Amino acid sequence: MNVVISIGGSVLAPDLDPERVAAHAKAIEELSEAGCTVGVVVGGGGVAREYIETARDLGANGVQLDQLGIGVTRLNARLLIAALGQRATLSPAADYDEAVGSLRRGEIAVMGGVMPGQTTDAVAAEFAEAVDADLLVYATSANGVYDADPNVDPDAEQYGRLSPAELVDIVLPMSRDAGASAPVDLLAAKLIDRADLRTIVLDGTDPSVLTDAVLGGDHGGTDVVPETCAEPTRWVE
Ligand code: UTP
């Protein structure tokens, strides 16, 4: 089973805690030991936002801001690589060919950002498409996709299951509203739709949630299921 996991920077490294990073690495190793081919994309979290805000105040343009963000995502990727040891390719892949090459050699490939104008949400979807992933998982700080921001609206309701097209429709108005933050951004949703990627959006704070979701399909987040998609084979064994 090919799986791509996107781990938000705010999940992996809200602060620099080696035990937290080691726990996430252990969950990824467990998936690999269970026979999964695992690609990982790591986000920048609050540290990236701080760099970006500081550089914005200094007058940096959008590309410069994005390059700073990419730098932080790659630092976080290197942190995870350090925790994964021998199983992972030594440096974050600079592009999808490199990342897919690592997976073909049987290594765990870890990426950060790749180019300005997007976020690691889109990188994870592109990587999943490039490797024909059976499953794409967004391990975020939000427990799935909601009809409103659950941090702001106490009546916000979680979607249990969506089609990729429905995900695009939900994320589209959020992308227009500067204050709202979608757990998966619009470009990523469009890529999921284009590639018919089976996707799970879940709260990745506890790394064991990730292993249960990938190995058994059990989780409390949101499933995004294309019409044409069969159950991942290991779930029906
Ligand atoms: P993230 O993927 O962490 O951004 O990348 P985010 O979605 O804003 O973070 P969360 O999910 O809320 O924690 C950090 C920044 O790096 C740049 C963007 O500026 C992004 O906001 N970036 C990342 C790119 O420009 N290109 C990439 O491929 C990836």
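Before reading on, note that the structure itself is shown above.
All figures in this text were calculated on a predicted structure; none of them were measured in a lab.

Reading the values: rules and limits
- Residues numbered from 1 in each chain as written.
- Predicted model: local features only at pLDDT ≥ 70, side-chain atom pairs only at ≥ 80, totals over all residues.
- Heavy atoms only, no water.
- Helix = DSSP H or I, 4+ residues; strand = E, 2+ residues; numbered from the N terminus.
- Rg over C-alpha atoms; globule rule 2.2 N^0.38 Å.
- Buried < 20%, exposed > 50% of the residue type's maximum accessible area, 1.4 Å probe, protein only.
- Contact = heavy atoms within 4.5 Å.
- Areas by Shrake-Rupley, 256 points an atom, 1.4 Å probe, with all protein chains shown as cover.
- Lys, Arg positive; Asp, Glu negative; His and termini not counted.
- Charge placed at Lys NZ, Arg CZ, Asp CG, Glu CD.
- Near = heavy atom within 4 Å.
- Polar contact = N/O pair within 3.5 Å; in protein donor to acceptor, adjacent residues only side chain to side chain.
- Nonpolar A, V, L, I, M, F, W, Y, C, P; charged D, E, K, R; others polar.
- Expected span 1.5 Å × (residues − 1).
- Axes fitted to C-alpha atoms, helices over the stretch in contact; angles between N-to-C directions.
- Parallel < 35°, antiparallel > 145°, perpendicular 65-115°, else oblique.
- Left-handed = near helix turned anticlockwise from the far one by under 90°.

Asker: Can you walk me through the overall build of the protein chain in this structure?
Answerer: Helices and strands together make up the secondary structure of the protein chain, namely 10 helices and 7 strands. The C-alpha radius of gyration computed for the protein chain amounts to 17 Å, which stays within 12% of the reference 18 Å derived for 237 residues, consistent with globular compactness. Projected onto its principal axes, the C-alpha positions of the protein chain cover 55 × 40 × 30 Å. Looking at the protein chain residue by residue over its 237 residues, the buried ones come to 46%. Sequence-distant contacts, at least 24 apart, represent 69% of the contacts inside the protein chain between residues at least 6 apart. Accessible surface computed for the protein chain: about 11,300 Å², of which carbon and sulfur atoms make up 48%. With 15 positive and 38 negative side-chain charges, the protein chain shows a separation of 6 Å between the mean positions of the two kinds.

Asker: What exactly am I supposed to notice about the site of the ligand here?
Answerer: In the vicinity of the ligand there are 18 residues, among which Gly44, Asp66, Val114, Met115 and Thr120 approach most closely. Contact distances for the ligand include 2.6 Å between an oxygen atom and a side-chain N or O atom of Asp66. Residue Thr120 places a side-chain N or O atom 2.4 Å away from an oxygen atom belonging to the ligand. Burial of the ligand by the surrounding chains reaches 80%, relative to a free accessible area of 580 Å². Only α3 (45-57), α4 (62-84) and α6 (120-130) provide two or more residues apiece to the shell around the ligand. For the shell around the ligand, the element with the most residues is α4, which contributes 4 residues. Partitioned by chemical class, the residues of the shell around the ligand number 6 nonpolar, 10 polar and 2 charged.

Asker: Which parts of the structure should I look at to understand the environment of Ala83?
Answerer: Along the chain, Ala83 falls in helix α4. With a relative accessible area of 31%, Ala83 lands in the partly exposed category. It is 25 Å that separates the C-alpha atoms of Ala83 and Gln67, two residues lying 16 residues apart in sequence. Setting aside anything within four residues of it in sequence, one finds Ala83 in contact with Val21, Ala22, Ala25 and Glu29.

Asker: Sorry, what's going on with the environment of Val168 here?
Answerer: Within the secondary structure, Val168 is located in helix α7 (residues 164-176). Val168 sits in the buried class, given a relative accessible area of 12%. Placed 25 residues apart in sequence, Val168 and Asp193 show a C-alpha to C-alpha distance of 7.6 Å. For Val168, the residues in contact, after removing those within four places along its chain, are Leu186, Ala189, Lys190 and Asp193.

Asker: Where do I start with α7 in this structure?
Answerer: For an α-helix the count is 3.6 residues per turn, leaving residues at separations of three or four pointing the same way. Taking 1.5 Å of rise per residue, the 13 residues of α7 would be expected to cover 18 Å, and the 19 Å separating its terminal C-alpha atoms lies within 8% of that figure. Turning to α7, its buried residues number three or more, namely Pro164, Leu167, Val168, Ile170, Val171 and Met174. Packed against the buried residues of α7 are β5 (161-162), α8 (186-195) and β7 (222-224).

Asker: Sorry, what's going on with the packing of α7 against α8 here?
Answerer: A packed helix pair is summarised by two numbers, namely the angle formed by the two axes and the spacing between the axes. Following both chains from N to C, one finds α7 and α8 inclined at 165 degrees, their axes separated by 9 Å at the closest point. By the angle class used here, α7 and α8 are roughly antiparallel. Where α7 crosses over α8, the handedness of that crossing is left-handed. Contact residues: Pro164, Ala165, Leu167, Val168, Val171, Leu172 and Ser175 in α7; Leu186, Ala189, Lys190, Ile192 and Asp193 in α8. Residues that form the contact of α7 with α8 fall into these classes: 9 nonpolar, 1 polar and 2 charged.

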